[in-house]
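Read off the chains here:
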Amino acid sequence: MPGIHFYFDPCGNLDRKEDLLLHSARSLLHEKWFILKTLVSRRGCFLAATYHPRYPVAIYENNEFFICLEGTIYGESAAGVDAKLGELAGILFGPPPRPLDRARDWLLATDGDFVIFIQHRKTGSICVVNDALGRLPLYYRHESGRLALSRESRFITNLDNSVEFDRLAIAQYLLLGFMPGDKTFFEGVSRLEPATLISIDPEGRADPQSNDRSRGGAAAGGASRVGFHRLFTFDFSSRRGREMDAAACAARLADIFRKACLDRAGGDGVNVVSLSGGPDSRAVASALASGKAQFQGATFLGNSGDDMADAKTAETVAGILEVPWRLFKYGPARGSDAMRLLRMKNGGDHLGMSFSMGLFDMIREAWGDRVTFFTGAGGSLVVPDNRPAGRFAGTDELAGHLISRNAILTLPQAAAVTGLRADRIRESIGDYLASCPEHKMSDKYLHFMVCGRDMKRAAEGEDRNRFFFWTVAPFNSLMVIDHAMNCPDGVKSKHRLYREFLSLLSPKAAAIDIVGGMTTDRDGKRFPGLRAGVPGLAPPETLRKFFVKRGKTASGSLGGRDSRSAVIRCFMEQFEGCEAVPEYLSQESVASILPSIGARAFDHLFTVSSLIEDITCGESTIERYEGIDLI
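Given the structure is predicted, the values throughout are model-derived calculations rather than measurements. (Residues numbered from 1 in each chain as written. Predicted model: local features only at pLDDT ≥ 70, side-chain atom pairs only at ≥ 80, totals over all residues. Heavy atoms only, no water.)

### Some details on unusual backbone geometry
Glycine aside, the phi torsion of most residues is negative, and most peptide linkages are trans. What counts here: Here a strand is any run of E in DSSP of at least two residues, a helix any run of H or I of at least four, and the numbering for each starts at the N terminus. Residue exposure (1.4 Å probe, protein chains only): buried if accessible area is under 20% of the type maximum, exposed if over 50%, otherwise partly exposed.
One non-glycine residue, A195, lies in the positive phi region at around 55°. By the element assignment, A195 lies in the loop between β10 (190–191) and β11 (196–201). Of note, the phi angle at H495 is positive, near 65°, even though the residue is not glycine. Within the secondary structure layout, H495 lies in the loop between α17 (489–492) and α18 (496–505). Looking at H495, the relative accessible area reads 14%, which means it is buried.

Written out as structure tokens, the structure reads:
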């Protein structure tokens, strides 16, 4: 991902480490338009950024502070952003004890997608804080007083001689498409939770409010302290707007949402809305149009034509809103596209989305690199009533329901493939639910959907787009989520709130039928991708023997695709060519489930095997399919 890469050594000397740090950062120059810039290299602190020229990385500095802002604070002028950053620095480096409550208040009053790095020049003390929703995924390793922090997990793993994968995290990913909580694919590497403040004091002054997560404490020769402070987390236990009726809730939501859209449409670039036939992107387009913002509509259609009804509805909506509209047609992803996505996202976005690489190239070709790309992500999670049906006695029972509703591979399949007990995987989901602050089981489920599935899984997909252009999702504005999730449940049921909200933004656009009906779970229905096969290729012996043992043939469908297709052959070759792949993914279990799983489940399996191979072997079988239609 574009963005910052940070390393801190309490011993204060990076002379022997800086070459390795720079080498790791250079490996993240994924596109020809990327640049690497070293921002800080002193007093045991290394800060660099890899990004394209239009990606927002800005430096604010004076005699007291060095501040790096990655991302954007919305609704503020340049002077306003400068003032807000100065205010935050004053709060964080004020007299002890540090006023974390004031920092939380600052964060909750700030609409943005950002990571902020602040260094106090005199003392060398450092603070890093991310936005309240964790919109820009950030990863870290904290061990023996040293801290590696980066927008790309590969920056951190590049610093190690060997990398161990987290088997439980793999199982969770195969089960749900992401890891709840702070797990990543890699042992010892965590994902930073939203609204987290990291404080580094090189002199080791005590901080009574610190929650030190160090593995091993201060390093030898250094007395520094690294503290992690969670400033805020959502609690959906109460509905502050319980007295509001549907009309009042919808009117307030329309006002907040319109402002969020317009605040994100500023600047001198081109606003492009990813417009489908569904309600979420329609709400974004309607809000921008009602606010007189200039923008273009872009709709995507695969060569199969399966999304034709979706595309025609999007064209109709664009006509009603009187905005320019373009249709972009895409075909299967080649191996080169899958390789780009794998190394950009390190498994955070599954390889079934590889076709998006070509789409985003087309958007850059059409409008240049000054695009602000709007999506409707999050709308179907925060506006409708997504409470689960039924009552649950506890988190274990709720975990079972959650898995049944959201599973990609089934629980027994994920357990068999990873070699873990099914009850251990289920228990980990129950532990996550138990850690959620809500009291009601139904509200814990909402926490999983909004703070887990949306803020973690969906945010990784949005972050993929930022390799090409800045991407925004107005439904994932803190202010929008706060209001929408505080509306009464009854008002949101049967999509009543959503329909009134859409009608207030644009009555004419709201009157157009929603493709597929108004649904709360659209996963897998947008951008389905075209699956192309390469005839005449037989599976490698390594997995073929497992099919023969079970009386299954290697012809027909495997993983929702022709068994002779390039992607199936590539997947099987990974088991032959890299010893680590079968170490983490059971060959026998994979062979057993391949004939029965669909394309989406296979895409997640293929993503895991590809990541393991690329990280441990330093090369990828996918590279041999560079010019071939793969996915």
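More follows now that the structure is in view.
### What about the packing of aromatic side chains?
Going by this rule: Side-chain rings of Phe, Tyr and Trp, where Trp is taken by its six-membered ring, are said to pair if the distance between their centres is within 6.5 Å; with planes under 30 degrees apart they count as stacked, over 60 as edge-to-face, and otherwise as tilted.
This model, assessed by the stated rule, comprises 33 aromatic pairs. Here F66 and F117 contribute two aromatic rings whose centre-to-centre distance is 6.2 Å and whose plane-to-plane angle is 75°, an arrangement assigned as edge-to-face. In this pair, F66 is assigned in strand β5 (residues 65–73) and F117 in strand β6 (residues 112–120), connecting sequence segments 51 residues apart. Pair check on accessibility: F66 and F117 agree, each one buried. Here F232 and F234 contribute two aromatic rings whose centre-to-centre distance is 5.0 Å and whose plane-to-plane angle is 70°, an arrangement assigned as edge-to-face. Given the relative accessible area of 6%, F234 is considered buried. By way of ring pairs, the aromatic residues W33, F360, F373, F468 and F469 are connected into one cluster.

### With respect to the packing of helix α9 (residues 335–345) against helix α10 (residues 356–367)
Convention followed: Axis lines are fitted through C-alpha atoms, for helices just across the contact stretch, and the angle between N-to-C directions can take any value from 0 to 180 degrees. Geometric relationships in this document are graded by angle, where less than 35 degrees denotes roughly parallel, more than 145 denotes roughly antiparallel, 65 to 115 denotes roughly perpendicular, and other angles denote oblique. For this analysis, residues touch if any pair of their heavy atoms sits within 4.5 Å. Each residue gets one label: Ala, Val, Leu, Ile, Met, Phe, Trp, Tyr, Cys and Pro are nonpolar, Asp, Glu, Lys and Arg are charged, and the others, such as Gly, are polar.
Direction vectors running N to C along α9 and α10 enclose 90°, while the axes themselves pass 8 Å from each other. The orientation of α9 relative to α10 falls into the category roughly perpendicular. Side by side, α9 and α10 meet where D337, R340, L341 and M344 of the first sit next to M357, G358 and D361 of the second. Of the residues assigned to the contact of α9 with α10, the class counts are three nonpolar, one polar and three charged.

### Considerations on a negative patch on the surface
What counts, and what does not: The patches reported here contain residues having more than 30% relative accessible area and no salt bridge. Joining distances are 9 Å for like charges and 5 Å for nonpolar side chains (Val, Leu, Ile, Met, Phe, Trp, Tyr). Using the Shrake-Rupley algorithm and a 1.4 Å probe, accessible areas are obtained, with residue cover drawn only from the displayed protein chains. Each salt bridge in this description consists of a side-chain nitrogen of Lys or Arg and a carboxyl oxygen of Asp or Glu lying within 4 Å of one another. Counted charges follow a simple rule, with Lys and Arg positive, Asp and Glu negative, and His plus the chain ends left uncounted. For the purpose of locating charges, the reference atoms are NZ of Lys, CZ of Arg, CG of Asp and CD of Glu.
On the surface, a cluster of negative charge is contributed by E164, E187, E579 and E583. Tracing the sequence through the fold places E579 in the loop between α21 (566–577) and α22 (580–584).

### Quick word on the pairing of strand β9 (residues 146–150)
Here is the rule: Two strands make a pair as long as DSSP finds a minimum of two bridges between them.
The buried count for β9 comes to four of five residues, which makes it a mostly enclosed element. With four bridges joining them, strand β1 (residues 3–8) and β9 adopt antiparallel strand pairing. Paired with H5 across the two strands is S150, which belongs to β9. Direction of pairing for strand β8 (residues 139–143) relative to β9: antiparallel, over a ladder of five bridges. Bridge pairing in β9 places H142 opposite L147.

### Things to note about the nonpolar core
Rules: Grouping buried Ala, Val, Leu, Ile, Met, Phe, Trp, Tyr and Cys residues that are joined through side-chain atoms within 4.5 Å yields what is termed a nonpolar core.
One finds L174, F606 and L630 to be the most contacted residues of the largest nonpolar core, which totals 105 residues. Once residues lying within four places of it in the same chain are set aside, the contact partners of L174 are I408, L409, A414, V417, T418, L585, H604, L605 and V608. L138, V382, V472 and Y498 belong to the second-largest nonpolar core, a separate cluster that totals 103 residues.

### Remarks on the sheet that holds β5
A sheet is described by the order of its strands in space; here six strands give the open sequence β4-β5-β6-β7-β11-β12, paired in antiparallel fashion. Either end of the sheet is taken by a strand with one partner, and the two such strands are β4 (57–61) and β12 (225–230). Within the sheet, the average angular offset between the axes of one strand and its neighbour, ignoring direction, is 15°. In this sheet, β5 lies alongside β4 in antiparallel orientation, the contact comprising five bridges. When the bridges of β5 are listed, A58 appears paired with L69. Helix α2 (residues 78–92) rests against β4, β5, β6, β7 (126–130) and β11 of the sheet, and its axis sits at about 125° to β5. Set on the sheet, helix α3 (residues 100–108) makes contact with β5, β6, β7, β11 and β12; between it and β6 the angle comes to about 145°.

### Considering the confidence of the model for the protein
We apply this condition: What pLDDT reports is the predictor's confidence in each residue, on a scale of 0 through 100.
Across the protein, the average pLDDT comes to 90, with 90% of residues at or above 70. pLDDT under 50 marks residues 519–538. Its contacts with residues more than four places away, or in other chains, come to 51 contacts.

### Comments concerning the packing of α9 against helix α24 (residues 599–617)
It is the contact of α9 with α24, at a shortest axis distance of 11 Å, that shows an interaxial angle of 75°. One element, α9, and the other, α24, form an angle in the roughly perpendicular class. In this structure, α9 contributes M339, L342 and R343 to the contact, and α24 contributes T607, S610, L611 and D614. Residues that form the contact of α9 with α24 fall into these classes: three nonpolar, two polar and two charged.

### Structural notes on the environment of R343
This is how the line gets drawn: Polar contacts here mean pairs of N or O atoms no more than 3.5 Å apart (in protein, one a potential hydrogen donor and the other a potential acceptor; neighbouring residues in sequence count only if both atoms are side-chain atoms).
Residue placement: R343 occurs in helix α9. In the structure, R343 is positioned 272 residues away from I615 in sequence and 9.6 Å away in space, judged by C-alpha atoms. Among all residues touching R343, those that are not within four sequence positions of it are H30, E152, R154, D614, E619, S620 and E623. Polar side-chain contacts of R343 include one of 3.3 Å to the side chain of E623.

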